[in-house]
Amino acid sequence: QVQLVESGGGLVQPGGSLRLSCVASGSIISIYTMGWYRRAPGKLRELVATFNSVGITNYADSVKGRFTISRDNAKNTVYLQMNSLKPEDTAVYFCCARVKLAASPNTYDYWGQGTQVTISS
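About the criteria used
Residues numbered from 1 in each chain as written. Predicted model: local features only at pLDDT ≥ 70, side-chain atom pairs only at ≥ 80, totals over all residues. Heavy atoms only, no water. Core = buried A, V, L, I, M, F, W, Y, C linked by side-chain atoms within 4.5 Å. Buried < 20%, exposed > 50% of the residue type's maximum accessible area, 1.4 Å probe, protein only. Helix = DSSP H or I, 4+ residues; strand = E, 2+ residues; numbered from the N terminus. Contact = heavy atoms within 4.5 Å.

(A) Highlighting the nonpolar core. Residues Trp36, Leu80, Met82 and Tyr93 are the most contacted members of the largest nonpolar core, which totals 33 residues. If you list the elements that add at least two residues to this core, you get strand 1 (2–7), strand 3 (18–26), strand 4 (28–39), strand 5 (46–51), strand 7 (67–72), strand 8 (77–82), strand 9 (91–101) and strand 11 (115–119). Considering every element that reaches this core, the biggest residue donor is strand 9, with six residues. Setting aside residues no more than four positions away along its own chain, tyrosine 93 makes contact with Glu6, Leu20, Trp36, Tyr37, Arg38, Val48, Phe67, Leu80, Met82, Gly114, Thr115 and Val117.

(B) Fine view of the environment of serine 25. Inspection of the secondary structure puts serine 25 in strand 3. Dropping the residues within four chain positions of it, serine 25 is found in contact with Gln1, Val2 and Gln3.

(C) Representation of unusual backbone geometry in the model. Despite not being glycine, asparagine 76 has its phi angle at roughly 50°, a positive value. Note on placement: asparagine 76 falls in the loop between strand 7 and strand 8.

Set out below in structure tokens:
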């Protein structure tokens, strides 16, 4: 089994910054893509950013230039540095990872429980 645990959410004023972290643990052989999604009130879950196993990143247009995804493979950890935050960034942020497990030829997608980010003055 694999667990993803997010941290770093909270309440911040517009223009402020937050850094989210997500640590993956369990019977992991390797992690391919790690990423962040978010779900705002009344909206569907949407991609924020991803970081694949060869270092290629992908961002939603709405966060380009403000958010930066990074990854520490030795720690099975992915980060999301969020700058110049806007009220419309308010959402529950979820970490995800595509993982290869021990004793299985397949890959599986896992999700964290989510962390609340609120941007308000």
